[in-house]
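Notes for the structure review
The lines below spell out each chain.
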Amino acid sequence: MYDLIWLLPILPLLSFCILFATGGNLAPRWVTMLGVGSIGIAALIVGVIAWFWLTTGMREPYLYSLGPWMNVAGFTPTFGFYLDGLSLTMLMVVTGVGFLIHVYSSLFMADDLDFSRFFAYMNLFVSAMLVLVLADNLLLLYLGWEGVGLCSYLLVGFWHAKPANGAAARKAFIITRIGDTAMALGLFLLFMHLGTLEIQPMLATASATWQTGDSIPTIAALLLLGGAVGKSAQLPLQTWLPDAMAGPTPVSALIHAATMVTAGVYLIARTHELYLLAPMAQATVAIVGVATLLIAAFTALAQHDIKRILAYSTISQIGYMFLALGVGAWSSAIFHLMTHAFFKALLFLGAGAVIFSLHHEHDIFKMGGLRKKLPVAFWSFLIGSAALTALPFTSGFYSKDAILLAAFEHNPWLYAGGLLGALLTAIYSFRLVFLVFFGDVKTEPSAPAGPRMAVPLIILCFFSVVGGWIHIPVDEVFPVVAGPSHEGPVALITPLIPIVGVLLAYFLFLRRSLDFSGFFGSGLGRNLKAFFFSHWGMDWLYDKVFVVPYTAVARLNQSDAVDLVYEGVANLTSIFHSLIAFTQTGQLRWYAATMVAGLVLLIAIVMGIV
Amino acid sequence: MTESPLWPLVVYFFAVIALVLIILGLSSLVGPRSTMQRATIEPFESGVVGIGSSQIPISVEFYLIAMFFVIFDLETVYIFAWAVAFFELGLFGYLAISVFILILVVALIYEWKSGALDWGVKKRVGLRE
Amino acid sequence: MSGLQLQALLPIITLSSLILIQMMFIAFARNLRLTVSISVIALLLTALSFFPMVDHLPISATPLIQLDGFALFYSGLVLLGALMVTFLSYDYLRDQGERQDEFFMLLLLSCLGALILVSSNHFASFILGLELLGVSLYTMMSYPTRGLFTLEAALKYLILSGVSSAFILFGAALIYAIEGKLGFTELAGMNHTSAASGQFILLMGSTMIFAGIMFKLSLAPFHLWTPDVYDGAPAPVTAFLATVSKGAIFALALRLFTTTGLIDLDPLLRGLSFVAMVSILAGNLLALLQDNVKRILAYSSIAHMGYLAVAFVVAGKAGGQIMAMEAASYFLFAYFLTTLLAFSVVTIMSIADHEVDTTNLGDYEGLFWRRPALAAVFTATLLSLAGIPLTAGFIGKFYIFSIGVAAEAWLLMAFVVIGSGIGIFYYLRIIFAMTKAPRTDVKIEIPTASGWVAVVLTVSLVLFGVYPSPIIDLIGELMISFG
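Quick notes on the rules
Residues numbered from 1 in each chain as written. Chains lettered and ligands numbered in written order. Predicted model: local features only at pLDDT ≥ 70, side-chain atom pairs only at ≥ 80, totals over all residues. Helix = DSSP H or I, 4+ residues; strand = E, 2+ residues; numbered from the N terminus. Buried ≥ 20, exposed ≤ 12 C-beta atoms within 10 Å, placed from the backbone. Contact = placed C-beta atoms within 7 Å. pLDDT = per-residue confidence, 0-100. Nonpolar A, V, L, I, M, F, W, Y, C, P; charged D, E, K, R; others polar. Core = buried A, V, L, I, M, F, W, Y, C linked by C-beta atoms within 7 Å. Axes fitted to C-alpha atoms, helices over the stretch in contact; angles between N-to-C directions. Parallel < 35°, antiparallel > 145°, perpendicular 65-115°, else oblique. Left-handed = near helix turned anticlockwise from the far one by under 90°.

On to the overall build of chain A. The helix and strand inventory of chain A stands at 26 helices and two strands. The 610 residues of chain A split such that 51% are buried. Here the contacts in chain A between residues at least 6 apart in sequence split such that 80% fall between residues at least 24 apart.

Below is the structure:
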């Protein structure tokens, strides 16, 4: 049964190949059939596997071996697909949410000239993501890791006619490459010390070899963390994600909210044994998470662009997952990953529906009163925001609550940070809802989108509400942590804070009974707003610290200093050529004379005189 | 290998070059400098003054016949060499010289047919008019 | 003279009598197609006449001629080259007016000279073959009336060849003065028998013979004639000069120096190493910024002869003579294919232009768009000359390299590497020129015979580049019966 998993990456890949080979000559109907169908079948297979997994007792990790990749000097990486509770959860998210987004895209992108190319890239992405998730070997995982990075690049820059989109795509690619380099170094280090990159044997060896707190696992874990923060847009490599919103909205939903950006979380969860050996690295994970979630939440508060708000919210929510990982609440992290995939995909797709109806208007201050006009989008947004805010009985509530309580157990300061983040989350989420859907109509929407966009929204609404009751099958994967069983004030405050946030947002943005416009009109307030708006000036800082000096050095070295050597060789050769070309006079007497001279010279050499 | 010293050869080589250079150099230094006059370019500074050009047209056939003469004359030399040793060479020599003469005959026929032996009027076949 | 010995002379007799027959046909029934047909028949019959004696090798027919596997291989190459050049010349001369028939007779005569050279075992036959080859070649060069410099090329080659022949004759005279013998086999081991002063003269004589041969092979410092003659001579004649003439003389040199044992003399090898290095460097450097395709090919041939000389030196140094001769033979084979192909492209390009040969690099610009197939063939040739894998040229160079490394001739190898590096530049220059936008869109007609020559050679070039073992095995087998 489980050996069907080899089909999962192959199906989308096959579809990609066909779409790529036909190069846009296929009728849109067939493109849809292929692009959506391949993911649909994959989702079906995952569903069947999950059914088996959950109903029968067969919960032993299953390894589907693909055989060795190569054999070079004792380095024989064998590739295989590894199925356990963790990868199954990820599979469900990737194929399930992925399928819904594909269905949605088939309408959203219908008018695009490059419809076929879009689905080709999307399918390639899903294929790479499935490889990443199923990989039993860090090398294979790395292949998927780079594959999704490539697809992200291609899809962010999908509308490549606009230069800004290309720039955003490059930014996304380059910044994640920085993390990837760290990760590659981590892989080298692990391979050097453990002699294998197959995840399970490697982790077993690691636990057997190293003591908790040893320096090598700490360095390796930190290097892997580098890869994770790059891919998951965490501090300090988070600046690419808001720009990546230049891509089509379904891309943002699939890649930059539900799946790819959570790969970092998956990586750390997958190698959690390593982090257990390196408490320092694990603490770093928590600190990175909290810092990111706060910075991103503040930034989200000041944004105008609907997709950028969601992007910062994504960064912030992944910050929660990192916090969970950092405090050892592994399953809570994965749980939040899953619920987040539901409600964030929902929010993005809802935003897509709004943007779709408003003729690609992104500015929330130009929206308003859409509650009646776009009911499906409104309800999606309402439910999605509620889940994002973690209002009680939504899916987000269960996952975030678990994280915060675990953080409290670990360190009250982390808890406080998370709690502040939750408050901010509530404010910016409902700021969005109130500004877009309530108040006066500012831009008249066209007719709401058809059922192919509405149905995925409704399904995601359902999961955003009930997703919290799903019990993800990761009990066997992670060490059992004593469940947070607080009865005290903490258990009470934690669910209360989001409600406070929603009320604040209500008074701030709908009733406008709380007015800070005086403060934000003043110099300090304006600066603070600008500071938050610019994402704490981080893009500016990176530009000044890295980009400007780098381009300056590059400009300085425009005529490559190393090239001078080769140019020197080339010039020297040319000089020799012109020197020796003088001998070709074309005069017979000179030729005859050189022959005689040559003979004399030759005799001299043979006789040993010269 | 080089028990006999080589340096005398080298000295000799350079001595020859030096000698030539000295003679040419001295003559250009010491020799009289003549200014360009009418008489300077004449073949003889005294005596009979030449009349007409030395470059008179000579018929091409003349050279052709001269060449044929050289070729056949040279081949006669080979036959002469065979004739001297006629008895020593015997039958094999006879056959060999027959082949040699046969080739000559073929060549002669070829020349004849191509019109190479014609003097004056061009009867030569296939010449571009 | 036994029947077997007579048989050994059969190829020479066959070719000679067919030349006479052809002469008679020209005299009485002048017809270009007929003449060319006789040429082709003559070459094929000559090739066939080798077969009866394959099982009896080696045969010495008179002291002059030694027929062995070595001679057989090179005779094959000579006949192949001559055949290809015959086809190319037919297309080249066809529309040049009447009286082109004699050219093919001269071609056969030249070929006869080459055949004598490759099987010659005596100074007499050596000189005989050399002059027969040369004298016919001078005439062939100046025969076609098109082109501005054919006569100049022929005269230069004639006079300088005279100088080189003088070298050879004088060298032979010096050797005869000491040893009193002129047969190669009889001269074997001569360097051990003489007194010191005799040694000196022997060495002098061998060096002079060497110099004469080097001139013919256009090895530096006797190379200056090469570009002028290559450029001035009609393209098919240049092809003949570059392949048949040089190949035959190289074969003779190899035989002369291995049979007589001269190759074991260190001083000679020192001189030869010098010549090889200078040739590689000079050839490649001179070709660097050249804009004339024929001249580039001339310089490239200087460099290639340098590589070949490396094989020669290694043969002496390491004592692995058979291996070195195999390498040299394969290299020469690849060189034959490649050079013939290069000049067949030049010939095809030149036929379209009725005035002069198409040699300017500018004329090749845009060939990829005008005649993709021709450009592809030329590219394959140039890549083979540059020694890029999957071509025969690569295997040849690789062979040279492997014996060089085996003999630990590091200095020579360094020169081979540097030379190959420089070489890639000017070969690629031509290829880049061909990819440029075309200057004209005049259609280039590809004549039938030359077109087929190009096809056959291209196929062999790639085939023996990818799968060289049949030729390597053949060479190995034939070399066993050497000497």
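Right, picking up where we left off after that structure.
To continue, consider the overall build of chain B. Summing up its helical and strand segments, chain B has three helices and zero strands in all. Starting at the N terminus and walking to the C terminus, you meet the elements of chain B as α-α-α. Here chain B holds 129 residues, and the buried ones make up 0% of them.

Let us now look at the confidence of the model for chain B. In the predicted model, chain B carries a mean pLDDT of 81, and 83% of its residues have values of at least 70. Within chain B, the element-level pLDDT minimum falls on helix H2 (residues 60–84) of chain B, averaging 88, and the maximum on helix H1 (residues 7–30) of chain B, averaging 91.

All names here are of chain A. Locating serine 105 in the fold gives a position in helix H3 (residues 85–108). Note on serine 105: 29 C-beta atoms within 10 Å, which makes it buried. In contact with serine 105, not counting residues within four places along its chain, are Met122 and Pro250.

Between chain C and chain A, the residue contacts involve 28 residues of the former and 23 residues of the latter. Of all the secondary structure elements, the ones that give two or more residues to the side of chain C that touches chain A are helix H7 (150–179), helix H8 (196–216), helix H9 (225–232) and helix H11 (266–287) of chain C. The biggest single contributor to the side of chain C that touches chain A is H11(C), with eight residues. Split into classes, the residues belonging to the side of chain C that touches chain A amount to 23 nonpolar, two polar and three charged.

Per-residue confidence for chain A gives a mean pLDDT of 83, with 95% of residues at or over 70. In the model of chain A, helix H22 (residues 517–521) of chain A stands out as the element of lowest mean pLDDT, 67, in contrast to helix H26 (residues 588–606) of chain A, which has the highest, 91.

One finds Phe125(A), Leu323(A), Ala345(A) and Val354(A) to be the most contacted residues of the largest nonpolar core, which totals 200 residues. The leading source of residues in this core is helix H15 (residues 330–357) of chain A, at 19 residues. The contacts of Val354(A), once residues within four sequence positions are left out, are Ile306(A), Met367(A), Leu370(A), Leu374(A), Ala377(A) and Val436(A). With 197 residues, the next largest nonpolar core counts Val244(C), Ala375(C), Tyr399(C) and Met434(C) among its residues.

Residue and element names in this part refer to chain A. Across the interface, helix H17 (residues 375–389) lies against helix H19 (residues 412–437) with an axial gap of 9 Å and an inter-helix angle of 170°. As far as their axial angle goes, H19 and H17 are roughly antiparallel. The segment H17 lies against H19, with Phe378, Phe381, Leu382, Ser385, Leu388 and Thr389 engaging Thr425, Ala426, Ser429, Phe430, Leu432, Val433 and Phe437. In terms of residue class, the contact of H17 with H19 is built from nine nonpolar, four polar and no charged.

In this structure, the amide linkage connecting Leu235(A) to the following residue, Pro236(A), adopts the cis form with an omega of 0°. By the element assignment, Pro236(A) lies in the loop between helix H8 (215–231) and helix H9 (240–243). Of note in the backbone geometry, Ser218(C) takes a positive phi value of approximately 50° without being a glycine. Tracing the sequence through the fold places Ser218(C) in the loop between H8 and H9.

Take the environment of Gly421(A) next. Along the chain, Gly421(A) turns up in helix H19. Remark: the alpha-carbon pair of Gly421(A) and Ala297(A), spanning 124 residues in sequence, is separated by 6.3 Å.

Moving on to the packing of H7(C) against H9(C). Residue and element names in this part refer to chain C. Their axes nearest at 8 Å, the elements H7 and H9 cross at an angle of 140°. Judged by the sense of rotation from one axis to the other, the crossing of H7 with H9 is left-handed. Listed contacts from H9 to Thr150, Glu152, Ala153, Lys156, Tyr157 and Leu160 of H7 are Trp225, Asp228, Val229 and Gly232. A class-by-class count of the residues in the contact of H7 with H9 yields five nonpolar, two polar and three charged.

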